[in-house]
Amino acid sequence: MAASGAIADGHGKELTIAIVNNGHMINMQKVAEAYTEATGTKLNWVALEEGVLREQVTSDTATGGGQYDVINIGMQEAPIWGAAGWIEPLNFSDAYDVEDILPAMRAGLSHEGTLYAAPFYGESSMVMYRKDLADAAGVTIGDNDSWDNVKAAAAAMHDPDNGVYGACLRGKPGWGDNAAFITTVANSFGAAWFDADMKPQLDSPEWNAAINFYVDLLSNYGPPGSEGNSFNEILALYNEDKCGLWIDATIAASFLENPNVAYAQSPNAGNPVGANWLWAWAFAVPAGSPNADAAQDFIEWATSKEYVQAVGNHPEFGWGSVPTGQRASTYDLPEFQAAAKFAAAEMAAINSAAPEPTDLKPYVGVQFVAIPEFPQIGVVFGQEMAAALTGAKSVEDALADSQKAADGIMREAGYYE
(Lines give C-alpha, C1' and ligand atoms only; values in the text may rest on other atoms or scores of the structure.)
Protein backbone atom coordinates (compact mmCIF):
# COMPACT_ATOMS: atom_id res chain seq x y z
CA MET A 1 0.00 0.00 0.00
CA ALA A 2 1.23 3.45 -0.86
CA ALA A 3 2.28 5.68 1.97
CA SER A 4 0.07 8.73 2.21
CA GLY A 5 1.75 11.39 0.11
CA ALA A 6 4.16 8.85 -1.41
CA ILE A 7 1.96 7.94 -4.36
CA ALA A 8 2.27 4.42 -5.73
CA ASP A 9 3.01 3.71 -9.37
CA GLY A 10 -0.29 2.75 -10.95
CA HIS A 11 0.84 2.98 -14.58
CA GLY A 12 -1.66 1.22 -16.77
CA LYS A 13 -4.25 0.90 -14.00
CA GLU A 14 -7.80 2.09 -14.54
CA LEU A 15 -10.40 2.70 -11.83
CA THR A 16 -14.12 3.33 -12.17
CA ILE A 17 -15.33 5.44 -9.26
CA ALA A 18 -19.01 5.98 -8.34
CA ILE A 19 -19.52 9.31 -6.55
CA VAL A 20 -22.41 11.42 -5.32
CA ASN A 21 -22.79 14.59 -7.40
CA ASN A 22 -22.13 16.99 -4.51
CA GLY A 23 -19.71 19.89 -4.72
CA HIS A 24 -16.71 18.36 -2.95
CA MET A 25 -16.92 15.25 -5.13
CA ILE A 26 -17.15 17.31 -8.30
CA ASN A 27 -14.13 19.36 -7.20
CA MET A 28 -12.18 16.15 -6.59
CA GLN A 29 -12.28 15.28 -10.26
CA LYS A 30 -10.09 18.31 -11.00
CA VAL A 31 -7.83 17.87 -8.00
CA ALA A 32 -7.31 14.20 -8.98
CA GLU A 33 -5.81 15.16 -12.33
CA ALA A 34 -2.53 15.48 -10.40
CA TYR A 35 -3.02 11.96 -9.01
CA THR A 36 -3.31 10.54 -12.52
CA GLU A 37 -0.23 12.47 -13.62
CA ALA A 38 1.77 11.16 -10.68
CA THR A 39 0.63 7.54 -10.81
CA GLY A 40 -0.52 6.85 -14.35
CA THR A 41 -3.80 5.52 -12.93
CA LYS A 42 -6.72 6.51 -15.15
CA LEU A 43 -9.84 7.53 -13.20
CA ASN A 44 -13.29 7.07 -14.72
CA TRP A 45 -15.90 9.04 -12.78
CA VAL A 46 -19.58 8.15 -12.52
CA ALA A 47 -21.31 11.06 -10.73
CA LEU A 48 -24.92 10.36 -9.72
CA GLU A 49 -27.68 12.06 -7.75
CA GLU A 50 -27.60 10.57 -4.26
CA GLY A 51 -30.80 8.53 -4.50
CA VAL A 52 -29.73 7.03 -7.84
CA LEU A 53 -26.21 6.42 -6.52
CA ARG A 54 -27.51 4.50 -3.52
CA GLU A 55 -29.74 2.35 -5.68
CA GLN A 56 -27.10 1.53 -8.29
CA VAL A 57 -24.22 0.99 -5.88
CA THR A 58 -26.31 -1.21 -3.59
CA SER A 59 -27.51 -3.37 -6.46
CA ASP A 60 -24.05 -3.75 -8.00
CA THR A 61 -22.24 -4.42 -4.73
CA ALA A 62 -24.80 -6.88 -3.36
CA THR A 63 -24.68 -8.97 -6.53
CA GLY A 64 -20.93 -8.71 -7.08
CA GLY A 65 -21.58 -6.98 -10.36
CA GLY A 66 -18.09 -5.52 -10.57
CA GLN A 67 -19.15 -2.28 -12.26
CA TYR A 68 -17.16 -0.10 -9.85
CA ASP A 69 -13.70 -0.27 -8.25
CA VAL A 70 -14.40 2.50 -5.71
CA ILE A 71 -17.82 3.45 -4.36
CA ASN A 72 -19.30 6.28 -2.33
CA ILE A 73 -21.23 4.92 0.65
CA GLY A 74 -22.00 6.16 4.16
CA MET A 75 -22.53 5.17 7.76
CA GLN A 76 -25.71 3.22 7.13
CA GLU A 77 -24.05 0.86 4.68
CA ALA A 78 -20.39 0.59 5.76
CA PRO A 79 -20.68 -1.55 8.92
CA ILE A 80 -23.49 -3.69 7.52
CA TRP A 81 -21.78 -4.30 4.19
CA GLY A 82 -18.46 -4.92 5.91
CA ALA A 83 -20.02 -7.56 8.17
CA ALA A 84 -21.67 -9.16 5.14
CA GLY A 85 -18.39 -9.31 3.21
CA TRP A 86 -19.60 -7.00 0.46
CA ILE A 87 -16.71 -4.54 0.84
CA GLU A 88 -13.03 -4.94 1.63
CA PRO A 89 -11.46 -3.96 4.96
CA LEU A 90 -9.18 -0.95 4.55
CA ASN A 91 -5.53 -1.11 5.55
CA PHE A 92 -3.58 2.12 5.19
CA SER A 93 0.04 3.07 5.79
CA ASP A 94 1.20 4.55 9.09
CA ALA A 95 1.68 7.89 7.33
CA TYR A 96 -2.06 8.03 6.66
CA ASP A 97 -2.64 8.62 10.40
CA VAL A 98 -5.97 6.91 10.84
CA GLU A 99 -6.14 8.24 14.42
CA ASP A 100 -6.53 11.74 12.96
CA ILE A 101 -9.91 10.73 11.52
CA LEU A 102 -12.58 12.11 13.84
CA PRO A 103 -13.70 9.36 16.26
CA ALA A 104 -17.38 9.70 15.35
CA MET A 105 -16.56 9.15 11.67
CA ARG A 106 -14.17 6.29 12.31
CA ALA A 107 -16.66 4.49 14.54
CA GLY A 108 -19.55 4.95 12.13
CA LEU A 109 -17.60 3.47 9.22
CA SER A 110 -16.25 0.44 11.10
CA HIS A 111 -17.51 -2.96 12.15
CA GLU A 112 -15.99 -4.63 15.21
CA GLY A 113 -13.02 -2.28 15.07
CA THR A 114 -12.24 -2.76 11.38
CA LEU A 115 -12.50 0.25 9.07
CA TYR A 116 -14.49 -0.57 5.92
CA ALA A 117 -14.86 2.91 4.43
CA ALA A 118 -12.75 6.06 4.68
CA PRO A 119 -14.50 9.42 5.08
CA PHE A 120 -14.04 11.90 2.24
CA TYR A 121 -16.04 14.36 4.26
CA GLY A 122 -18.21 14.14 7.35
CA GLU A 123 -21.17 16.14 8.50
CA SER A 124 -23.89 16.78 10.98
CA SER A 125 -26.81 19.14 10.37
CA MET A 126 -27.39 22.70 11.54
CA VAL A 127 -29.36 25.86 10.84
CA MET A 128 -27.95 28.18 8.17
CA TYR A 129 -29.86 31.43 7.98
CA ARG A 130 -29.75 34.90 6.49
CA LYS A 131 -28.72 37.14 9.38
CA ASP A 132 -29.64 40.28 7.42
CA LEU A 133 -33.18 39.05 6.78
CA ALA A 134 -33.60 37.90 10.38
CA ASP A 135 -32.41 41.26 11.69
CA ALA A 136 -34.70 43.15 9.31
CA ALA A 137 -37.64 41.02 10.46
CA GLY A 138 -36.74 41.51 14.13
CA VAL A 139 -36.25 37.80 14.86
CA THR A 140 -33.41 35.75 16.26
CA ILE A 141 -32.49 32.07 15.96
CA GLY A 142 -30.52 30.58 18.83
CA ASP A 143 -28.59 27.37 19.27
CA ASN A 144 -30.94 24.45 19.97
CA ASP A 145 -33.88 26.82 19.65
CA SER A 146 -37.47 25.59 19.87
CA TRP A 147 -39.16 24.56 16.64
CA ASP A 148 -41.90 27.06 17.43
CA ASN A 149 -39.38 29.91 17.48
CA VAL A 150 -37.77 28.70 14.25
CA LYS A 151 -41.18 28.52 12.61
CA ALA A 152 -41.91 32.07 13.77
CA ALA A 153 -38.58 33.23 12.31
CA ALA A 154 -39.38 31.52 9.01
CA ALA A 155 -42.79 33.20 8.94
CA ALA A 156 -41.22 36.61 9.61
CA MET A 157 -38.64 36.22 6.82
CA HIS A 158 -41.11 34.72 4.34
CA ASP A 159 -41.61 37.17 1.46
CA PRO A 160 -42.69 35.19 -1.61
CA ASP A 161 -43.69 38.32 -3.53
CA ASN A 162 -39.99 39.19 -3.55
CA GLY A 163 -38.83 35.61 -4.13
CA VAL A 164 -37.78 34.85 -0.55
CA TYR A 165 -39.09 31.75 1.21
CA GLY A 166 -38.87 31.46 4.97
CA ALA A 167 -37.73 27.84 5.22
CA CYS A 168 -36.00 25.69 2.61
CA LEU A 169 -36.07 22.05 3.72
CA ARG A 170 -35.70 18.66 2.04
CA GLY A 171 -38.85 17.23 0.51
CA LYS A 172 -37.51 14.91 -2.19
CA PRO A 173 -38.35 11.25 -1.44
CA GLY A 174 -35.54 8.98 -0.29
CA TRP A 175 -34.22 7.38 2.89
CA GLY A 176 -31.24 9.72 2.74
CA ASP A 177 -33.24 12.68 1.44
CA ASN A 178 -36.53 13.81 2.99
CA ALA A 179 -36.57 10.85 5.39
CA ALA A 180 -33.20 11.90 6.84
CA PHE A 181 -34.27 15.42 7.68
CA ILE A 182 -37.75 14.37 8.80
CA THR A 183 -36.28 11.79 11.18
CA THR A 184 -34.31 14.50 13.00
CA VAL A 185 -37.54 16.48 13.39
CA ALA A 186 -39.34 13.39 14.68
CA ASN A 187 -36.49 12.57 17.08
CA SER A 188 -36.78 16.06 18.52
CA PHE A 189 -40.50 15.50 19.10
CA GLY A 190 -39.69 12.34 21.08
CA ALA A 191 -40.52 9.87 18.31
CA ALA A 192 -38.56 6.74 17.39
CA TRP A 193 -38.64 4.42 14.40
CA PHE A 194 -38.86 1.25 16.50
CA ASP A 195 -39.56 0.18 20.06
CA ALA A 196 -37.39 -2.17 22.12
CA ASP A 197 -38.80 -5.16 20.22
CA MET A 198 -37.98 -3.48 16.89
CA LYS A 199 -41.65 -2.99 16.10
CA PRO A 200 -42.32 0.14 13.99
CA GLN A 201 -43.78 3.12 15.87
CA LEU A 202 -44.85 5.33 12.96
CA ASP A 203 -48.45 5.42 14.19
CA SER A 204 -47.44 7.12 17.46
CA PRO A 205 -48.70 10.56 18.55
CA GLU A 206 -45.13 11.87 18.46
CA TRP A 207 -44.72 10.97 14.79
CA ASN A 208 -48.09 12.51 14.02
CA ALA A 209 -47.15 15.77 15.73
CA ALA A 210 -43.74 15.90 14.04
CA ILE A 211 -45.04 15.28 10.52
CA ASN A 212 -47.93 17.70 10.87
CA PHE A 213 -45.43 20.32 12.01
CA TYR A 214 -43.07 19.59 9.09
CA VAL A 215 -45.85 19.68 6.50
CA ASP A 216 -47.32 22.88 7.95
CA LEU A 217 -43.93 24.63 8.09
CA LEU A 218 -42.90 23.75 4.55
CA SER A 219 -46.35 24.19 3.01
CA ASN A 220 -46.76 27.69 4.44
CA TYR A 221 -43.21 29.03 4.37
CA GLY A 222 -41.29 26.88 1.90
CA PRO A 223 -40.64 27.34 -1.82
CA PRO A 224 -43.06 25.89 -4.38
CA GLY A 225 -42.22 22.35 -5.42
CA SER A 226 -40.48 21.44 -2.18
CA GLU A 227 -41.33 17.78 -2.78
CA GLY A 228 -38.62 17.86 -5.49
CA ASN A 229 -35.90 19.51 -3.41
CA SER A 230 -32.85 17.77 -2.00
CA PHE A 231 -29.42 19.14 -1.07
CA ASN A 232 -28.32 20.43 -4.46
CA GLU A 233 -31.67 22.03 -5.30
CA ILE A 234 -31.81 23.90 -2.00
CA LEU A 235 -28.16 24.94 -2.24
CA ALA A 236 -28.98 26.57 -5.59
CA LEU A 237 -32.00 28.34 -4.07
CA TYR A 238 -29.95 29.57 -1.12
CA ASN A 239 -27.23 30.91 -3.38
CA GLU A 240 -29.91 32.73 -5.38
CA ASP A 241 -30.88 34.47 -2.11
CA LYS A 242 -34.27 32.77 -2.05
CA CYS A 243 -34.09 31.15 1.40
CA GLY A 244 -34.49 32.68 4.84
CA LEU A 245 -33.23 29.58 6.61
CA TRP A 246 -32.04 26.14 5.64
CA ILE A 247 -31.53 23.20 8.00
CA ASP A 248 -29.30 20.61 6.37
CA ALA A 249 -25.81 19.14 6.18
CA THR A 250 -23.07 21.20 7.81
CA ILE A 251 -20.98 20.62 4.68
CA ALA A 252 -23.28 23.03 2.83
CA ALA A 253 -21.55 25.91 4.60
CA SER A 254 -18.55 25.37 2.31
CA PHE A 255 -20.66 26.38 -0.68
CA LEU A 256 -22.79 29.26 0.62
CA GLU A 257 -22.10 32.47 -1.26
CA ASN A 258 -24.09 35.10 0.63
CA PRO A 259 -21.84 36.87 3.17
CA ASN A 260 -24.76 37.39 5.59
CA VAL A 261 -25.10 33.74 6.56
CA ALA A 262 -25.16 32.82 10.26
CA TYR A 263 -25.28 29.41 11.93
CA ALA A 264 -27.13 27.82 14.85
CA GLN A 265 -27.37 24.34 16.31
CA SER A 266 -30.44 22.36 15.26
CA PRO A 267 -33.81 23.15 16.84
CA ASN A 268 -35.95 20.72 18.79
CA ALA A 269 -39.40 20.28 20.26
CA GLY A 270 -38.24 19.38 23.74
CA ASN A 271 -35.83 16.56 22.94
CA PRO A 272 -32.41 17.74 21.69
CA VAL A 273 -31.03 14.19 21.34
CA GLY A 274 -31.17 13.23 17.69
CA ALA A 275 -32.13 16.70 16.47
CA ASN A 276 -29.01 16.78 14.29
CA TRP A 277 -27.77 13.93 12.17
CA LEU A 278 -24.37 12.27 11.69
CA TRP A 279 -23.12 11.18 8.30
CA ALA A 280 -20.01 10.73 6.21
CA TRP A 281 -19.70 10.31 2.48
CA ALA A 282 -16.93 7.75 2.36
CA PHE A 283 -15.03 5.57 -0.08
CA ALA A 284 -15.06 1.78 -0.06
CA VAL A 285 -13.80 -1.05 -2.25
CA PRO A 286 -16.33 -3.67 -3.39
CA ALA A 287 -15.30 -7.20 -2.45
CA GLY A 288 -13.51 -9.13 -5.13
CA SER A 289 -12.45 -6.09 -7.15
CA PRO A 290 -9.55 -7.07 -9.43
CA ASN A 291 -8.14 -3.58 -8.82
CA ALA A 292 -8.42 -3.64 -5.02
CA ASP A 293 -4.82 -2.54 -4.36
CA ALA A 294 -5.03 0.41 -6.77
CA ALA A 295 -8.45 1.27 -5.34
CA GLN A 296 -7.10 1.37 -1.77
CA ASP A 297 -4.16 3.48 -2.93
CA PHE A 298 -6.57 5.98 -4.45
CA ILE A 299 -8.75 6.06 -1.31
CA GLU A 300 -5.68 6.59 0.88
CA TRP A 301 -4.74 9.62 -1.23
CA ALA A 302 -8.27 11.03 -1.54
CA THR A 303 -8.92 10.97 2.23
CA SER A 304 -5.46 12.06 3.36
CA LYS A 305 -4.03 15.19 4.94
CA GLU A 306 -2.22 15.77 1.66
CA TYR A 307 -5.50 15.87 -0.22
CA VAL A 308 -6.78 18.61 2.10
CA GLN A 309 -3.62 20.59 1.32
CA ALA A 310 -4.09 19.98 -2.41
CA VAL A 311 -7.60 21.47 -2.34
CA GLY A 312 -6.54 24.38 -0.14
CA ASN A 313 -3.68 25.24 -2.48
CA HIS A 314 -5.58 24.59 -5.71
CA PRO A 315 -6.02 27.76 -7.80
CA GLU A 316 -9.69 27.03 -8.48
CA PHE A 317 -10.74 26.15 -4.92
CA GLY A 318 -8.89 27.30 -1.81
CA TRP A 319 -9.17 26.76 1.93
CA GLY A 320 -12.88 27.50 2.18
CA SER A 321 -13.52 24.54 -0.12
CA VAL A 322 -11.58 21.76 1.59
CA PRO A 323 -13.56 18.68 2.68
CA THR A 324 -14.42 18.98 6.36
CA GLY A 325 -15.75 16.83 9.15
CA GLN A 326 -13.23 14.07 8.50
CA ARG A 327 -9.87 14.96 10.10
CA ALA A 328 -9.11 16.74 13.37
CA SER A 329 -5.93 18.22 11.90
CA THR A 330 -7.90 20.23 9.32
CA TYR A 331 -9.42 22.35 12.08
CA ASP A 332 -5.95 23.25 13.38
CA LEU A 333 -4.78 24.75 10.08
CA PRO A 334 -4.60 28.57 10.26
CA GLU A 335 -5.51 28.85 6.57
CA PHE A 336 -8.66 26.83 7.12
CA GLN A 337 -9.61 28.73 10.28
CA ALA A 338 -9.33 32.02 8.41
CA ALA A 339 -11.49 30.84 5.51
CA ALA A 340 -14.11 28.71 7.29
CA LYS A 341 -16.26 30.90 9.52
CA PHE A 342 -18.59 27.94 9.97
CA ALA A 343 -15.93 25.62 11.47
CA ALA A 344 -16.88 26.01 15.14
CA ALA A 345 -20.60 25.51 14.48
CA GLU A 346 -19.87 22.49 12.30
CA MET A 347 -17.66 20.83 14.90
CA ALA A 348 -20.17 21.52 17.67
CA ALA A 349 -22.87 19.82 15.62
CA ILE A 350 -20.71 16.78 14.84
CA ASN A 351 -19.66 16.42 18.48
CA SER A 352 -23.25 16.63 19.75
CA ALA A 353 -24.69 14.06 17.34
CA ALA A 354 -25.90 10.98 19.19
CA PRO A 355 -25.98 7.80 17.08
CA GLU A 356 -25.81 5.32 19.95
CA PRO A 357 -28.92 3.64 21.43
CA THR A 358 -30.81 5.60 24.09
CA ASP A 359 -33.76 4.98 26.37
CA LEU A 360 -35.95 6.32 23.57
CA LYS A 361 -34.51 4.29 20.69
CA PRO A 362 -32.95 0.81 20.87
CA TYR A 363 -30.93 1.17 17.65
CA VAL A 364 -27.77 2.80 16.30
CA GLY A 365 -28.29 5.77 14.00
CA VAL A 366 -29.67 9.29 14.12
CA GLN A 367 -31.36 9.97 10.77
CA PHE A 368 -31.27 6.31 9.76
CA VAL A 369 -31.45 2.96 11.51
CA ALA A 370 -28.38 0.74 11.20
CA ILE A 371 -30.20 -2.39 10.08
CA PRO A 372 -30.21 -3.90 6.56
CA GLU A 373 -33.95 -3.39 6.18
CA PHE A 374 -33.95 0.36 6.79
CA PRO A 375 -33.27 1.57 3.23
CA GLN A 376 -36.33 -0.34 1.98
CA ILE A 377 -38.48 1.06 4.78
CA GLY A 378 -37.04 4.54 4.34
CA VAL A 379 -37.78 4.63 0.62
CA VAL A 380 -41.45 3.84 1.21
CA PHE A 381 -41.62 6.32 4.07
CA GLY A 382 -40.03 9.05 1.97
CA GLN A 383 -42.60 8.56 -0.78
CA GLU A 384 -45.43 8.70 1.72
CA MET A 385 -44.09 11.89 3.29
CA ALA A 386 -43.80 13.52 -0.13
CA ALA A 387 -47.43 12.60 -0.74
CA ALA A 388 -48.38 14.24 2.57
CA LEU A 389 -46.39 17.34 1.66
CA THR A 390 -48.17 17.77 -1.68
CA GLY A 391 -51.57 17.10 -0.12
CA ALA A 392 -52.07 13.93 -2.13
CA LYS A 393 -52.55 12.15 1.21
CA SER A 394 -53.36 13.24 4.73
CA VAL A 395 -50.53 13.03 7.25
CA GLU A 396 -52.50 10.37 9.11
CA ASP A 397 -52.94 8.21 6.02
CA ALA A 398 -49.31 8.63 4.99
CA LEU A 399 -48.12 7.52 8.42
CA ALA A 400 -50.60 4.64 8.56
CA ASP A 401 -49.39 3.36 5.18
CA SER A 402 -45.77 3.80 6.25
CA GLN A 403 -46.46 1.85 9.43
CA LYS A 404 -48.11 -0.96 7.49
CA ALA A 405 -45.21 -1.20 5.04
CA ALA A 406 -42.56 -1.09 7.79
CA ASP A 407 -44.39 -3.76 9.80
CA GLY A 408 -44.55 -6.06 6.78
CA ILE A 409 -40.86 -5.63 6.02
CA MET A 410 -39.80 -6.25 9.62
CA ARG A 411 -42.04 -9.32 9.95
CA GLU A 412 -40.70 -10.78 6.73
CA ALA A 413 -37.16 -10.18 7.96
CA GLY A 414 -37.94 -12.21 11.09
CA TYR A 415 -37.67 -9.56 13.78
CA TYR A 416 -40.99 -10.73 15.23
CA GLU A 417 -44.03 -12.77 14.23
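Here is what the cut-offs are and how they apply
- Residues numbered from 1 in each chain as written.
- Predicted model: local features only at pLDDT ≥ 70, side-chain atom pairs only at ≥ 80, totals over all residues.
- Heavy atoms only, no water.
- 1 Å grid on protein atoms, 1.4 Å probe; cavity = no way out; pocket = protein on both sides within 12 Å on 5 of 7 lines; lining within 4 Å.
- Points joined across faces, edges and corners; volume = space filled by probe spheres on them.
- Helix = DSSP H or I, 4+ residues; strand = E, 2+ residues; numbered from the N terminus.
- Nonpolar A, V, L, I, M, F, W, Y, C, P; charged D, E, K, R; others polar.
- Phe/Tyr/Trp six-rings, centres within 6.5 Å; stacked < 30°, edge-to-face > 60°.
- Lys NZ or Arg CZ within 6 Å of the ring centre and 35° of its normal.
- Buried < 20%, exposed > 50% of the residue type's maximum accessible area, 1.4 Å probe, protein only.
- Lys, Arg positive; Asp, Glu negative; His and termini not counted.
- Salt bridge = Lys/Arg side-chain N within 4 Å of Asp/Glu carboxyl O.
- Polar contact = N/O pair within 3.5 Å; in protein donor to acceptor, adjacent residues only side chain to side chain.
- Contact = heavy atoms within 4.5 Å.
- Pairing = 2+ DSSP bridges.

Enquirer: Any chance you could explain empty space enclosed by the protein here in plain terms?
Expert: Rolled over the atoms, a probe as big as a water molecule pinpoints where empty space is left. Applying the stated criterion to the full structure yields two cavities of 30 Å³ or more. The volume enclosed by the largest cavity comes to roughly 140 Å³. Forming the walls of the largest cavity are 16 residues, and the residues nearest its centre are Glu-50, Glu-123, Arg-170, Gly-176 and Trp-279. Elements that contribute at least two residues to the lining of the largest cavity include exactly α3 (50–62) and β11 (279–284). Along the lines of polarity and charge, the residues of the lining of the largest cavity split into nine nonpolar, three polar and four charged.

Enquirer: Can you help me understand the packing of aromatic side chains in this one?
Expert: Any two aromatic rings considered together are summarised by their centre-to-centre distance and by the angle between their planes. Taken as a whole, this structure holds 28 aromatic pairs when the rule is applied. Lying over the aromatic face of Trp-175, Arg-54 brings its terminal NZ or CZ to 4.4 Å of the ring centre.

Enquirer: Explain the side chain of Lys-361 here, please?
Expert: Relative to the assigned elements, Lys-361 resides in the loop between α14 (343–352) and α15 (374–390). For Lys-361, which is buried and forms no salt bridge, the nearest opposite charge comes from Glu-356, at a distance of 7.4 Å. There is a polar contact of 3.1 Å between the side chain of Lys-361 and the backbone oxygen of Pro-355. Reaching out from Lys-361, the side chain makes a polar contact with the backbone oxygen of Glu-356 at a distance of 2.9 Å. Those residues in contact with Lys-361, other than ones at most four positions away along the chain, are Ala-192, Ala-354, Pro-355 and Glu-356.

Enquirer: Before we go on, may I ask you to explain the pairing of strand β3 (residues 70–73) in this structure?
Expert: Of the two faces of β3, the one holding Val-70 and Asn-72 and the one holding Ile-71 and Ile-73 are both buried throughout. Across two bridges, the pairing between strand β1 (residues 14–20) and β3 is parallel. Of the residues in β3, the one forming a bridge with Ile-17 is Val-70. The sheet contact formed by β3 and β11 spans three bridges and is antiparallel. In the strand pairing of β11, Ile-73 is matched with Ala-282.

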